[in-house]
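# A closer look at the structure
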Number of protein chains: 2
Amino acid sequence: MKKRNMVIAQSGGPSMVINQSLAGAVAEARKSDAIGKILGARHGIAGILGNDYADMRRISARKLEAIAATPSSALGSVRRKPSAEDCKAIFEEFRRLDVGWFFYIGGNDSADAARIVAEAAQAEGYPLCAYHIPKTIDNDLRSCDHTPGYGSAARFVAMAFMGDDLDNRALGGVKIDVVMGRDAGFLTAASALARTAPDSGPHLIYLPERPFSAERFAKDVESAVAKHGRCVVAVSEGIRCADGTPVAARFAGGEKDSHGNMQLSGTGALGDMLAKTVKEKTGIARVRADTFGYLQRSFPGVASETDSAEARAAGEAAVRFALAGLPGGTVGIERAKGKKYKVEFVRKDFSAAAKTARSMPAAFIAKNGHDVTPAFVEYAKPLVGALPQVELL
Amino acid sequence: MKKRNMVIAQSGGPSMVINQSLAGAVAEARKSDAIGKILGARHGIAGILGNDYADMRRISARKLEAIAATPSSALGSVRRKPSAEDCKAIFEEFRRLDVGWFFYIGGNDSADAARIVAEAAQAEGYPLCAYHIPKTIDNDLRSCDHTPGYGSAARFVAMAFMGDDLDNRALGGVKIDVVMGRDAGFLTAASALARTAPDSGPHLIYLPERPFSAERFAKDVESAVAKHGRCVVAVSEGIRCADGTPVAARFAGGEKDSHGNMQLSGTGALGDMLAKTVKEKTGIARVRADTFGYLQRSFPGVASETDSAEARAAGEAAVRFALAGLPGGTVGIERAKGKKYKVEFVRKDFSAAAKTARSMPAAFIAKNGHDVTPAFVEYAKPLVGALPQVELL
């Protein structure tokens, strides 16, 4: 087998464990005689187009481990859909460098970018094995029972709500926390794992999968305050009006990336608007809103052990599939049935992950539309791991 | 010595280690024959006025330790300045319960509340030994080299900026993070501990101690972007215009508590306004703002070990001072001179802590007005403890 070179890159929003996937793929590739150079393209396809690489063969094993344990995307990231022109330029670069292996770590948009590159290669008759390695804190890839990155972000969210519920117990009133998740409510739903006592918050959980009404929201808050004397609310940044318009869209800057996604994070506008709604409609005086923002995907020292190990394994699996001669595609994660938590990594076509994302299944959403079901909690618990103990007086 | 009963309570904003002070004081009191009942008043003086107590003698040692390790105020908190009428009602209650020992854990407003109660007792000829136990994440008590609660909140802020700087490296642009701190910049300044490399953020740090100008801010950001290709900014929620008006005051709801403090937290308005300023004045496209909010004072599992131990020791010291027959007052914390970090707990008059708070000394603020000095970093490092390791590629 003729040795050919490898390019690996990271794309889309960072996560706490995306570098585990990078390290897993690189460590696996370093063992193989079929792979020559291992080039880490900086900032995704922008690094390929700009000829900007880190030499991943030269990095010491110690340094590679330290990078694996570091949050965010060590190679840098990008949000860019490759155009036909980009694809042409990418092949010129791949030809020049004799790249035969291409690995792209990211979400559904990144899976689609990898697919576009792979299909263009096939059309040009250029021999290339391309793999997408799954990553998204949103947990919205159709190809995976759960996606690497989700467990750690969910762990941050659960811990944040544990602390915030204790804070709300101390001073009372209504506390609204806005959680990331453009179209899928999985991350917001993880707030339910924070509950340690029958009266623990979050007392209300709003997901993008159910239409949001400001009137009903204010009434739900009033009921919770009547019951508990206080109220902690988890709200997805992606909540939508009955007509499908994101509630935040009217308040955010209205920026869109090249995949057509609206900017929802990096602003407190939605939380502030919801706090104003509660104050105006209920007359409750102490209403506060926090927007967890980018800490959810980058806070050091909070990564879930299971998530870290699976992100690593997903990177290794992609390289193993490629070296085994399987056709390019994505790494799916399947959960074994049965009581004991166990997963399997399987090769799937790009189409299993690319483009359209998945939402929370109805079985995970409470009938009242503002909570999750026990089935969701069972689903999410092993991904997040044991949480810190808290004690009430 | 006739046995008399004890009341302890928590007041003001919660912290990650305020329960360590509670546990320290309670454990110390439980050893003494001079103290009878140990009553934890719920929600500060509101619990005394409302006759709502937890029996702190009955709690098992194991449960007390678990409470100590739990963030936020286990007894609940309150923001309430005792009026003359409140004081009268407090004595009726203290007389009824034969309370001879009163401990109030909180910041400068709580020190003032304890002083008011102590002075009113003296005026009434009621024998009462009252102690304030210091707590504030703002680190603004004049009576302490540093205040219990600060080290842990500073640790959260430093870790948040470590992660957020890695996130900003990945996707670029300008990231503004708003940090708690009404009048003192200590907590915002702790963001400087996040720097691990010469080009690490935060690249700009704005404190309430220096007048803020939107024009200069936009120029500072432009310079940082020119130098690093990106920019992470730490901003105190308490930044002020040249005339002393809080920049946030125009954007927040304008709520004030009974101590006259404006609501600055629990809203993303300041961050959003600063992001808008940068976009408009510089034309930089990707500008995001996060407001760390209440997570800074309640996130579980992030507490600094030094801070936890000192919060515990401050609670113990207050009870020791009281039992030793020293006149009521507050627990001061003094740092020993010399290379090795060491502190001493000393009794001080209420006036050392009450009412006016302190600001960052000029020696801790960089001449350019948008950074801290190495002296600040040396000051803060032992309070925060060793931070997670991160590795750059």
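Residues numbered from 1 in each chain as written. Chains lettered and ligands numbered in written order. Predicted model: local features only at pLDDT ≥ 70, side-chain atom pairs only at ≥ 80, totals over all residues.

## Thoughts on the relation of the copies chain B and chain A
For the pair of chain copies, the relating operation is a rotation around an axis with a shift along it. Note the cut-off: We superpose the copies by least squares over the C-alpha atoms of residues that have a pLDDT of at least 70 in both of them. Our contact criterion uses C-beta atoms placed from the backbone: two residues qualify when those atoms are within 7 Å.
Structural alignment of chain B on chain A gives an RMSD of 0.0 Å, achieved by rotating through 180 degrees and translating 0.0 Å along the axis. The relationship between the two copies is best expressed as a two-fold rotation axis. Of every C-alpha in chain B, the one belonging to G268(B) sits nearest the axis of rotation, 2.1 Å from it. Same-surface contact between copies: 100% of interface residues of chain B are shared with the interface of chain A.

## Details of the sheet that holds strand β7 (residues 204-206) of chain B
Residue and element names in this part refer to chain B. The following threshold applies: If DSSP finds at least two bridges between two strands, the strands pair. The helix and strand labels rest on DSSP assignments: H or I over at least four residues marks a helix, E over at least two residues marks a strand, and numbering proceeds from the N terminus. Fitted lines through C-alpha atoms give the axes, limited to the stretch in contact for helices. The angle between two N-to-C directions lies from 0 to 180 degrees.
The parallel open sheet is built from four strands, whose spatial order is β7-β8-β6-β9. Lying at the two open borders of the sheet, with one neighbouring strand each, are β7 and β9 (287-291). Averaged over all pairs of adjacent strands, the angle between strand axes in this sheet comes to 15 degrees, irrespective of strand direction. Strand direction decides the pairing type here: strand β6 (residues 173-179) and strand β8 (residues 230-236), joined by seven bridges, are parallel. Within β8, the residue paired with I176 across the bridge is V233. Sheet contacts for helix α6 (residues 150-171): β6 and β8; angle to β8, the most-contacted strand, approximately 155 degrees. Along the sheet, helix α9 (residues 269-282) makes contact with β6, β8 and β9, crossing β9 at roughly 165 degrees.

## Points about the interface of chain B and chain A
What counts is decided by this rule: Under the grouping applied here, Gly and all other residues not named as nonpolar or charged are polar, the nonpolar ones being Ala, Val, Leu, Ile, Met, Phe, Trp, Tyr, Cys and Pro and the charged ones Asp, Glu, Lys and Arg.
The interface is formed by 47 residues belonging to chain B together with 48 residues belonging to chain A. Broken down by secondary-structure element, the contributors of at least two residues to the side of chain B that touches chain A are α3 (61-68), α6, α9, β9 and α10 (295-298) of chain B. With 10 residues, the top contributor of residues to the side of chain B that touches chain A is α6(B). A class-by-class count of the residues in the side of chain B that touches chain A yields 22 nonpolar, 16 polar and nine charged.

## Considerations on the sheet that holds strand β6 (residues 173-179) of chain A
Residues and elements named next belong to chain A. Spatially, four strands are ordered β7-β8-β6-β9 in an open sheet, and the strand pairing comes out parallel. A single partner strand is all that each edge strand has here, and the edge strands are β7 (204-206) and β9 (287-291). Strand after strand, the sheet turns through a mean of 15 degrees between neighbouring axes, direction not considered. Both β6 and β9 contribute to a ladder of five bridges, which runs parallel. Along β9, the bridge assignment pairs V178 with T291. Each of β6 and β8 (230-236) is contacted by helix α6 (residues 150-171), which is oriented at about 155 degrees to β8, the strand it contacts most. Together, β6, β8 and β9 form the strand contacts of helix α9 (residues 269-282), whose direction differs from that of β9 by roughly 165 degrees.

## Here we look at the environment of A366(A)
Residues and elements named next belong to chain A. Within the element layout of this structure, A366 appears in the loop between β11 (343-348) and α12 (374-384). When the C-alpha positions of A366 and I205 are compared, they lie 9.6 Å apart, and in sequence the two are 161 residues distant. When near neighbours in sequence (up to four residues on either side) are disregarded, A366 contacts D371, V372 and T373.

## Notes on the nonpolar core
Rules: Remark: nonpolar core denotes a set of buried Ala, Val, Leu, Ile, Met, Phe, Trp, Tyr and Cys residues whose joining runs through C-beta atoms within 7 Å. Here a residue counts as buried when 20 or more other C-beta atoms sit within 10 Å of its C-beta, as exposed when there are 12 or fewer, and as partly exposed otherwise, the C-beta atoms being derived from the backbone.
Counting 255 residues, the largest nonpolar core has V157(A), A190(A), A318(A), V157(B), A190(B) and A318(B) as the members making the most contacts within it. Those residues in contact with A318(A), other than ones at most four positions away along the chain, are A25(A), F103(A), Y131(A), I133(A) and V331(A).

## Some thoughts on the pairing of β8(A)
Regular strands place their side chains on alternate faces of the sheet. Residues and elements named next belong to chain A. Selection criterion: Handedness of a crossover: with both strands directed away from the viewer, a clockwise path from the first strand across the helix to the second marks it as right-handed.
Burial analysis of β8 places seven of its seven residues in the buried class, which makes it a mostly covered element. Of the two faces of β8, the one lined by R230, V232, A234 and S236 and the one lined by C231, V233 and V235 are each fully buried. Note: β7 against β8, three bridges, orientation parallel. Each residue of the ladder has a partner; that of I205, found in β8, is A234. At this point the chain moves from β7, through helix α8 (residues 214-228), to the parallel β8, and the crossover so formed is right-handed.

## Let's talk about the environment of D307(A)
Residue and element names in this part refer to chain A. In this structure, D307 sits in helix α11 (residues 305-323). Classification of D307 as buried rests on a count of 27 C-beta atoms within 10 Å. C-alpha separation for the pair D307 and E280, spaced 27 residues apart in sequence, amounts to 42 Å. Excluding its chain neighbours within four sequence positions, the residues that come into contact with D307 are V17, P148, Y150, G151, S152 and L383.

## So, the domain arrangement of chain A
Residues and elements named next belong to chain A. Convention followed: Here the limits of each domain have been adopted from an automatic or database domain assignment.
The domain boundaries assigned to chain A delineate domain 1 (4-149 + 302-352) and domain 2 (155-299 + 359-384). Computed over C-alpha atoms only, the centres of domain 1 and domain 2 are separated by 32 Å. Of the residues that constitute the side of domain 1 that touches domain 2, the class distribution is six nonpolar, seven polar and seven charged.

## What about helix α8 (residues 214-228) of chain B?
All names here are of chain B. What counts here: Here the expected length of a helix is defined as 1.5 Å per residue gap, with one fewer gap than residues. The arc in question is the one spanned by the directions pointing from the helix axis to the C-beta atoms.
Taking 1.5 Å of rise per residue, 15 residues should cover 21 Å, and α8 covers 21 Å from first to last C-alpha, within 8% of that figure. F217, D220, V221 and A224 are the residues of α8 that are buried. On an axial view of α8, the arc spanned by its buried residues comes to 100 degrees, and they lie on one face. Every exposed residue of α8 that faces more than 90 degrees away from the buried side is listed here: E215 and A226. In this fold, the buried residues of α8 make contact with β6, β7, β8 and α9. One or two steps after α8, the chain reaches G229, where phi turns positive at roughly 75 degrees.

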